[in-house]
Amino acid sequence: MMGGKGNRCPPEMKALVYTGPGQMELSQWEKPVRGEGEVLVKVKAVGICGSDVEGYLGKTGRRIPPMIMGHEFSGEVAEVGGRSKFRVGDRVVVQPKLYCGSCSYCQMGFSNICPHGQFLGVMSRNGAMAEYVSVGEQYVFGFGENTTYVEASMVEPLAVAHRAVSKLGTAIDEAKYLLVVGAGTIGLLVLQILRKQGARSVIVSDLSEYRLEKARELGADYAINPGRKNLKAAISEITSDKMVDYSFEAVGLNPTAVDSLEGLRIGGTAVWIGNAQKMIEIDMQQIVTTELTVKGTYIYTDEDYVQCLNLIEEKAVSLEPLISVQTELDNGPEVFRQLAENKDGRLLKAILMP
Ligand SMILES: [Zn+2]
Ligand SMILES: [Zn+2]
């Protein structure tokens, strides 16, 4: 399997390759060779992230072609080293933020922000939209047979939502009203975690009626379309002018960042998860004069991953309503095209199966 020296044809695998803005091709790619301390994973399910779609459109500069995307995935162990805790055939997920573990960020518990690591499927580091990925064993976590590969692949977005909610700690218990701006995959997962933690009234806003309906199904008390109704006025009405204690921004654009502040009460906190637009314009005076707090939250740590894998194994969150497409890797180019259009927001998570 190692492909001896001088071998002109190393083993190949099938991969979905991003070759330039708006271009995704199914092609043959060199199969990764398992390195020391690594596990070779045969990918079974890989979700397409909003950031992958933005990258595909060439908007962010965070996908450098030619490369293989894919960071939300699960698979089966295909090859391990002699001392591995895993065995061939084990069902696993991979935490895709490959942190160093020894820098000052990692030491402070911010392995999510480690500047020395790589991120699978981002920039030029190849990810999981392929048959195989080889990755350090420390980033690999096993799960049981009662959880499907598709369900397990959802651990990544769930971990994003989990970290965001954990930023508020027990403050959620006292909150009377919470707002989730954006009912995409992350927003709907934030909603579910809030519900699970016993949050009282949760208001969700989105421009898509389809997504608002999903939010209602998944436990939102109120669902508002700011394209049809002034959000601030609607929240004021719902809360009898009290406004919300906490908000979550799960889109990453200027108007939604503004919305996440507009709905807050005096002294309220907005947690910003969305990561799309770089520069935005917001009302600084509003933040100063009503003593608002804005907290950023970025991806997850291993801890979030482990806890979320447990939540999935316990069936504590409802994932099926979030999965719009489940198809073979071969259909990847078409699925990316559809996601790039997605005008009425009917497509939530799409999952490819190599
Ligand atoms: Zn993602
Ligand atoms: Zn580090």
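Residues numbered from 1 in each chain as written. Chains lettered and ligands numbered in written order. Predicted model: local features only at pLDDT ≥ 70, side-chain atom pairs only at ≥ 80, totals over all residues.

Draft legend 1. Structural context of the overall build of the protein. When helices and strands are counted, the protein shows 12 helices and 17 strands. Taking all 354 residues of the protein together, 45% fall into the buried category. Contacts in the protein between residues far apart in sequence, at least 24 positions, make up 70% of those at least 6 positions apart. (Helix = DSSP H or I, 4+ residues; strand = E, 2+ residues; numbered from the N terminus. Buried ≥ 20, exposed ≤ 12 C-beta atoms within 10 Å, placed from the backbone. Contact = placed C-beta atoms within 7 Å.)

Draft legend 2. Broad picture of the sheet that holds strand β13 (residues 244–249). The six strands are arranged β12-β11-β10-β13-β14-β15 in an open sheet whose pairing can be described as parallel. One side of each edge strand has no neighbouring strand; the edge strands of this open sheet are β12 (222–224) and β15 (293–296). Taking each pair of neighbouring strands and ignoring which way they run, the sheet shows an average axis angle of 20 degrees. One ladder, built from four bridges, connects strand β14 (residues 264–272) with β15; its direction is parallel. Following the sheet pairing, V271 is matched in β15 by K295. Where helix α9 (residues 254–262) meets the sheet, it contacts β10 (177–181), β11 (201–205), β13 and β14, and its direction lies at approximately 145 degrees from that of β14. (Pairing = 2+ DSSP bridges. Axes fitted to C-alpha atoms, helices over the stretch in contact; angles between N-to-C directions.)

Draft legend 3. Structural view of helix α4 (residues 155–166). With 12 residues, α4 should reach 16 Å at 1.5 Å per residue; the first-to-last C-alpha distance of 16 Å fits that figure. For α4, the buried fraction is high: 11 of the 12 residues fall into the buried class. Taken together, the buried positions of α4 are V155, E156, P157, L158, A159, V160, A161, H162, R163, A164 and V165. (Expected span 1.5 Å × (residues − 1).)

Draft legend 4. Geometry of α9. Burial within α9 is extensive, with seven of its nine residues counted as buried. For α9, the full list of buried residues reads T256, A257, V258, D259, S260, L261 and E262. Summarising the contacts, the buried residues of α9 are in contact with β10, β11, α8 (231–238), β13, β14 and α10 (284–289).

Draft legend 5. Fine view of the domain arrangement of the protein. Parsing the protein into structural domains produces domain 1 (12–157 + 300–353) and domain 2 (168–296). For domain 1 versus domain 2, the distance between C-alpha centres works out to 28 Å. Between domain 1 and domain 2, the contact holds 13 residues from the first and 14 residues from the second. When grouped by side-chain class, the residues that make up the side of domain 1 that touches domain 2 number six nonpolar, three polar and four charged. (Domains from an automatic or database assignment. Nonpolar A, V, L, I, M, F, W, Y, C, P; charged D, E, K, R; others polar.)

Draft legend 6. Focus on the packing of α4 against helix α11 (residues 302–313). The contact between α4 and α11 brings their axes to 9 Å, and the two run at 115 degrees. Our classification of the angle between α4 and α11 gives roughly perpendicular. As for the relative orientation of α4 and α11, their crossing is right-handed in sense. Contacts between α4 and α11 involve V155, L158, A159, H162 and R163 on the former and, on the latter, D304, Y305, Q307, C308, L309, L311 and I312. Grouping the constituent residues of the contact of α4 with α11 by class yields eight nonpolar, two polar and two charged. (Parallel < 35°, antiparallel > 145°, perpendicular 65-115°, else oblique. Left-handed = near helix turned anticlockwise from the far one by under 90°.)

Draft legend 7. The arrangement of the packing of α4 against helix α6 (residues 185–196) in detail. Their axes nearest at 8 Å, the elements α4 and α6 cross at an angle of 55 degrees. Considering the angle they form, α4 stands oblique to α6. Remark: the crossing between α4 and α6 carries right-handed chirality. Only T185, I186, L189, V190, I193 and L194 of α6 make contact with α4, whose side of the interface consists of P157, L158, V160, A161, H162, A164 and V165. A class-by-class count of the residues in the contact of α4 with α6 yields 11 nonpolar, two polar and no charged.

Draft legend 8. Layout of unusual backbone geometry. Residue P66 is reached from P65 by a cis peptide bond, and omega for that bond is -5 degrees. Among the secondary structure elements, P66 is positioned in the loop between α1 (50–56) and β4 (72–79). The backbone of D241 shows a phi angle near 70 degrees, a positive value even though the residue is not glycine. Residue classification places D241 among the exposed positions, given that 9 C-beta atoms sit within 10 Å. Of note, the phi angle at M243 is positive, near 65 degrees, even though the residue is not glycine. Assignment of secondary structure puts M243 in the loop between α8 and β13. The class of M243 is buried, set by 21 C-beta atoms lying within 10 Å.

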